[in-house]
Amino acid sequence: MKTKPTFLFTLLIFMGLLAHAQVESSTLLKGQILDEQNKALAYANVLLLRSKDSTLVSGNVSDQHGIYTFDKISTGQYLLAVSMMGYANYRSTVFELKGGTMELPQIKLAVASTNLKEVTVKAQKPFIELQADKVIVNVDASPVAAGNTALELLAKSPGVNVDHENRISLKGRSGVLVLMNGKQTYMSADDLARLLENTPANSIESIEIISNPSAKYDAAGNAGIINIKMKKEKGLGTNGNLTLGAGYWENPRGSAELRMNHRGKKMNLFGTVGSFYNRRFQDINISRRIPVQNDFVQFAQENNEIRYSQSQRLNLGADWYLGKKTTLGAMGNLNFGEFNTKGTGFNNLSGFNDQVYNQIKIKNTGGDDWTDYTLNLNLRHEFKKKGHELSFDADYANNRGPKDQVNGNYFFNAQNQEVATPNIIGTNAFTEVDIMALKLDYVLPVGKGSRLEAGLKSSFVETDNDLKTSLFVENVWQLDPRRSNQFIYSENIHAAYTNFNTAIKKVNLQVGLRAELTNADGDSPSTDTRFNREYLNLFPSINISHPAGKGLNLSYTYSRRIDRPSYEDLNPFVFYLDQYTFQRGNPNITPQYTDALGLNLMLKGKYMLALNYNYTKDVITQILDQDDANRQTFQTMANLANFKNYSATLSVPIKVQKWWDLRANLVGLVNDFESPFTNGEVDKNQFTLQSMVNNSFKLPAGIKAEANLFYQTRYLQWLFDLKPMWGLDLGFSKNIMKGKGSLKLNFNDVFFTKNPRIDVQQGTINVQVRPVNESRRVNLNFNYKFGNNEVKPARRRSTATEDEQGRVKRN
């Protein structure tokens with residue numbers, strides 16, 4: 001008997017609310033954080049800890065007036081830990097809550113000095129953390145995250161959806177800009193997915209989800225920005241971290257990583273070496289019905305594929321402290337590996353069939369070797385006035401590798417007799433991408449409480465894609481010039497931005513403007529396809545925030561963004577699954593533009609409601625098109641006319657019991673789009689509810705457990721109609737070896753239900769797709785810290801590559 005996901009979700013929420021109502025007598029705790037000049041200090045991190053063992057009870061962030069509050073806290077003895085960038089950490093003496101309302105004395109933070117040792121606090125960050133302008137997924141805080149890949153981890157993040165082709169969307173919108181340590185990857189969607197599939201989650205420190213970025217960020221990414229921040233060791237002296245991981249269900253997975261850091265007074269050296277292996281299956285069933293005369297032909301296709309990959313990465317870097325205010329940094333990253341596939345399948349034909357065969361047997365093999373490397377030089381200088389700084393980054397990256405594929409179609413009749421010459425196609429594609437980017441950022445404090453930011457950036461991308469297609473005829477490979485092609489694409493973007501931040505009484509205002517000049521050239525000699533596009537765009541942004549009552553803060557946002565077609569989507573290559581099913585690029589697609597409005601409400605620093613409206617013009621979307629005469633269905637990218645997205649995001653933490661914390665993250669969204677289409681008019685809309693309930697349990701013997709429940713109702717992704725889907729992940733963790741080591745065990749997709757079911761019905765197109773991925777797996781991770789891990793640097797490493805806003809290298 002299968003348990004209904006809606007029943008599980010409702011039961012879990014009901015139990016949480018019931019237990020929440022039965023919590024012991026509670027009290028309200030509040031206070032204020034000040035800086036060294038006795039001025040209110042906003043956005044300081046305030047942790048409420050149990051006095052007995054310093055374990056975390058609750059966390060909060062001070063508001064614009066420096067006020068923090070904790071409510072519904074059980075009576076008992078506690079202490080506070082307060083931290084803020086650029087200030088010395090603070091830890092209070094023990095105090096007792098007896099009931100009612102308690103206001104603590106004001107806390108004044110001192111400016112951090114280079115010889116001040118930070119207090120070590122045992123508090124654990126929550127898996128999902130809310131900040132004023134973003135949602136942060138703290139990967140290391142969750143045992144459920146261990147053993148996953150970066151791509152699988154994204155799929156567990158609030159509001160993020162990863163489809164069966166590894167395309168990423170945020171709150172129902174595609175066009176997400178994915179950054180690695182604040183840097184653009186400039187990769188195609190397939191290459192980015194490959195990188196994320198071969199990056200173990202234990203290498204990631206956190207994931208930042210930014211729905212409405214400021215003008216400081218690149219204007220690309222109409223749905224917002226996802227910034228993946230990789231781990232680095234930060235202790236003084238010499239220290240390191242060793243992580244080993246293994247996973248298994250039907251196929252194995254393994255990873256090993258060593259991170260090292262040596263920090264002295266004048267120099268900091270750091271590096272990472274890691275290896276990853278992953279083997280998994282991917283099955284897909286496709287059913288298609290194509291009209292023929294007054295009848296139809298039915299295709300029932302099944303493919304079973306084994307995918308296996310291995311990768312290695314090496315990251316090395318150094319910071320030189322040229323003075324108290326100036327830091328020079330250099331970094332280099334190398335990633336290389338291989339990705340191989342081997343599949344078999346069949347395609348059965350029924351209905352009106354005028355062919356001599358009624359079954360096509362399919363054999364596919366593929367190989368993909370890649371080498372990616374990046375180099376970065378960065379400089380940061382802080383002037384005498386606090387907050388006055390200048391930073392510069394120069395990056396170079398190269399991605400290259402061959403992709404080989406052999407696709408064999410063999411034709412049989414009802415008596416299983418081969419009745420036609422096999423159609424065997426081989427492709428060899430070599431891709432090379434060269435990237436150079438230069439960036440300059442300047443920050444100037446203006447008066448009291450105001451700040452002016454300005455910057456310049458230029459990026460230069462050159463790609464060369466060379467495809468050779470051959471046919472296997474009479475036991476000899478013969479080049480097919482009709483299907484062979486070279487596609488050369490270059491894109492140069494020059495940008496300038498300015499941001500102004502100020503506070504007018506209780507209102508905080510941020511206004512920004514970014515200008516981007518784009519020049520793109522594409523040339524496909526074989527198809528005689530050429531294009532040149534040059535356009536200048538302005539991208540304004542505004543953020544207004546203010547308190548609106550006791551513990552309530554409101555913010556209003558607006559931004560305009562762009563999503564350019566990738567060179568992969570512009571490439572007119574044709575890639576075959578079989579002779580009736582293929583994928584091709586479209587050199588005629590143009591950029592899409594989005595206007596985004598947002599209203600955010602945050603109560604007491606932990607309850608959040610975000611309302612968003614987005615209107616996209618000339619939206620770039622993945623479509624299925626069909627050639628009825630040749631009975632071919634193909635996938636491509638195209639511009640549709642209009643797309644509207646409405647969404648509401650609610651995040652509610654619940655203290656169920658002393659040992660049980662629950663956070664419910666709910667996203668309700670409506671996707672609505674209309675456009676002329678090949679077979680008529682597209683006019684579709686759909687409401688979707690996405691829910692993620694994160695449960696954290698403190699068990700005996702120092703064991704921490706998590707149970708994460710995901711549920712999504714029917715979801716419309718352009719022309720693709722996805723049926724409801726749900727899943728449950730379990731995880732356990734325990735510190736060992738006197739806190740230097742840790743073990744994490746998790747069970748992903750316990751009921752094997754995280755596989756989409758997709759229907760496409762538009763005009764004469766009638767397709768059902770049922771992909772099945774190896775989403776269920778048991779993972780075990782071991783982590784060991786060694787060296788000087790107890791003392792952290794008093795001064796945060798001030799290279800541009802570690803800037804919180806994203807001035808960091810690409811991994």
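See above for the structure.
Residues numbered from 1 in each chain as written. Predicted model: local features only at pLDDT ≥ 70, side-chain atom pairs only at ≥ 80, totals over all residues. Heavy atoms only, no water.

*Asks:* I tried to follow the overall build of the chain on my own but got confused; where do I start?
*Replies:* In terms of helices and strands, the chain carries four helices and 48 strands. Across the chain, every contact between residues at least 6 apart in sequence was considered, and the portion connecting residues at least 24 apart equals 67%. Counting only carbon and sulfur atoms, one obtains 58% of the accessible surface of the chain, whose full area is about 34,800 Å². (Helix = DSSP H or I, 4+ residues; strand = E, 2+ residues; numbered from the N terminus. Contact = heavy atoms within 4.5 Å. Areas by Shrake-Rupley, 256 points an atom, 1.4 Å probe, with all protein chains shown as cover.)

*Asks:* Explain the side chain of Thr518 here, please?
*Replies:* Checked against the element boundaries, Thr518 lands in strand S29 (residues 507–524). Classification of Thr518 as buried rests on a relative accessible area of 0%. A distance of 3.0 Å separates polar atoms of two side chains, one belonging to Thr518 and the other to Arg564. Ignoring anything within four residues of it in the chain, the contact list for Thr518 reads Glu491, Asn492, Ile493, Arg533, Glu534, Tyr535 and Arg564. (Buried < 20%, exposed > 50% of the residue type's maximum accessible area, 1.4 Å probe, protein only. Polar contact = N/O pair within 3.5 Å; in protein donor to acceptor, adjacent residues only side chain to side chain.)

*Asks:* Help me out: how do you make sense of the environment of Asn60 in this one?
*Replies:* Among the structural elements, Asn60 can be located in strand S3 (residues 56–61). Between the C-alpha atom of Asn60 and that of Leu48, which follows or precedes it by twelve residues, the distance is 8.4 Å. For Asn60, the contacting residues outside a window of four places in its chain are Ala44, Asn45, Val46, Thr69, Phe70, Lys604 and Gly605.

*Asks:* Before we go on, may I ask you to explain the nonpolar core in this structure?
*Replies:* What tends to happen in soluble globular proteins is that the nonpolar side chains get buried as a cluster. Residues Leu154, Ile168, Leu196, Ile204, Ile207, Ile226 and Ile228 are the most contacted members of the largest nonpolar core, which totals 23 residues. Among the secondary structure elements, those contributing two or more residues to this core are strand S11 (135–138), helix H2 (150–155), strand S13 (168–170), strand S14 (176–180), helix H3 (189–197), strand S16 (204–210) and strand S17 (224–230). Per-element tally for this core: the top contributor is H2, with four residues. Residues Val619, Phe643, Phe720 and Ile758 belong to the second largest nonpolar core, which totals 22 residues. (Core = buried A, V, L, I, M, F, W, Y, C linked by side-chain atoms within 4.5 Å.)

*Asks:* Please clarify how unusual backbone geometry should be interpreted in this entry.
*Replies:* What is expected of a backbone is that most residues other than glycine have negative phi and most peptide bonds are trans. Phi angles above zero are rare outside glycine, and Asn416 is one such case at about 60°. With respect to the secondary-structure elements, Asn416 resides in the loop between strand S24 (389–412) and strand S25 (423–446). Asn416 sits in the partly exposed class, given a relative accessible area of 46%. In this structure, Asp618 takes a positive phi of about 55° despite not being glycine.

*Asks:* I would appreciate a short explanation of the packing of aromatic side chains in the present structure.
*Replies:* Geometry of an aromatic ring pair is reported as the spacing of the ring centres plus the angle between the planes. Summed over the entire model, instances satisfying the criterion amount to 14 aromatic pairs. Consider the rings of Phe643 and Phe673, whose centres lie 6.4 Å apart with planes at 55°: the pair is tilted. Note that Phe643 is positioned in strand S38 (residues 642–657) and Phe673 in strand S39 (residues 660–677), a separation of 30 residues in sequence. Judged by centre distance (5.4 Å) and plane angle (40°), the ring pair of Trp660 and Phe697 falls under tilted. Linking Trp660 in strand S39 with Phe697 in strand S40 (residues 680–699), this pair joins segments that are 37 residues apart in sequence. (Phe/Tyr/Trp six-rings, centres within 6.5 Å; stacked < 30°, edge-to-face > 60°.)

*Asks:* Explain the side chain of Asn251 to me, please; I cannot follow it from the model alone.
*Replies:* With respect to the helices and strands, the residue Asn251 is situated in the loop between strand S18 (237–248) and strand S19 (252–263). At 2.8 Å, the side chain of Asn251 and the side chain of Glu774 are in polar contact. Contacts of Asn251, omitting those with residues within four sequence positions, involve Arg279, Arg280, Phe281, Ile306, Glu774 and Arg777.

*Asks:* Help me out: how do you make sense of the pattern of salt bridges in this one?
*Replies:* Opposite charge on two side chains allows them to pair when their charged atoms are near. Counted according to the given criterion, the structure contains 20 salt bridges. Of the charged contacts, one joins Arg307 and Glu305 as a salt bridge, the two residues approaching to 2.7 Å between their closest N and O atoms. Neither residue differs from the other here; Arg307 and Glu305 are each classed as buried. Linking Arg714 and Asp721 is a salt bridge whose minimum nitrogen-to-oxygen distance equals 2.6 Å. Since its relative accessible area comes to 38%, Arg714 is described here as partly exposed. Three or more residues are tied together by salt bridges with common partners; here these are Glu257, Arg259 and Arg313. (Salt bridge = Lys/Arg side-chain N within 4 Å of Asp/Glu carboxyl O.)

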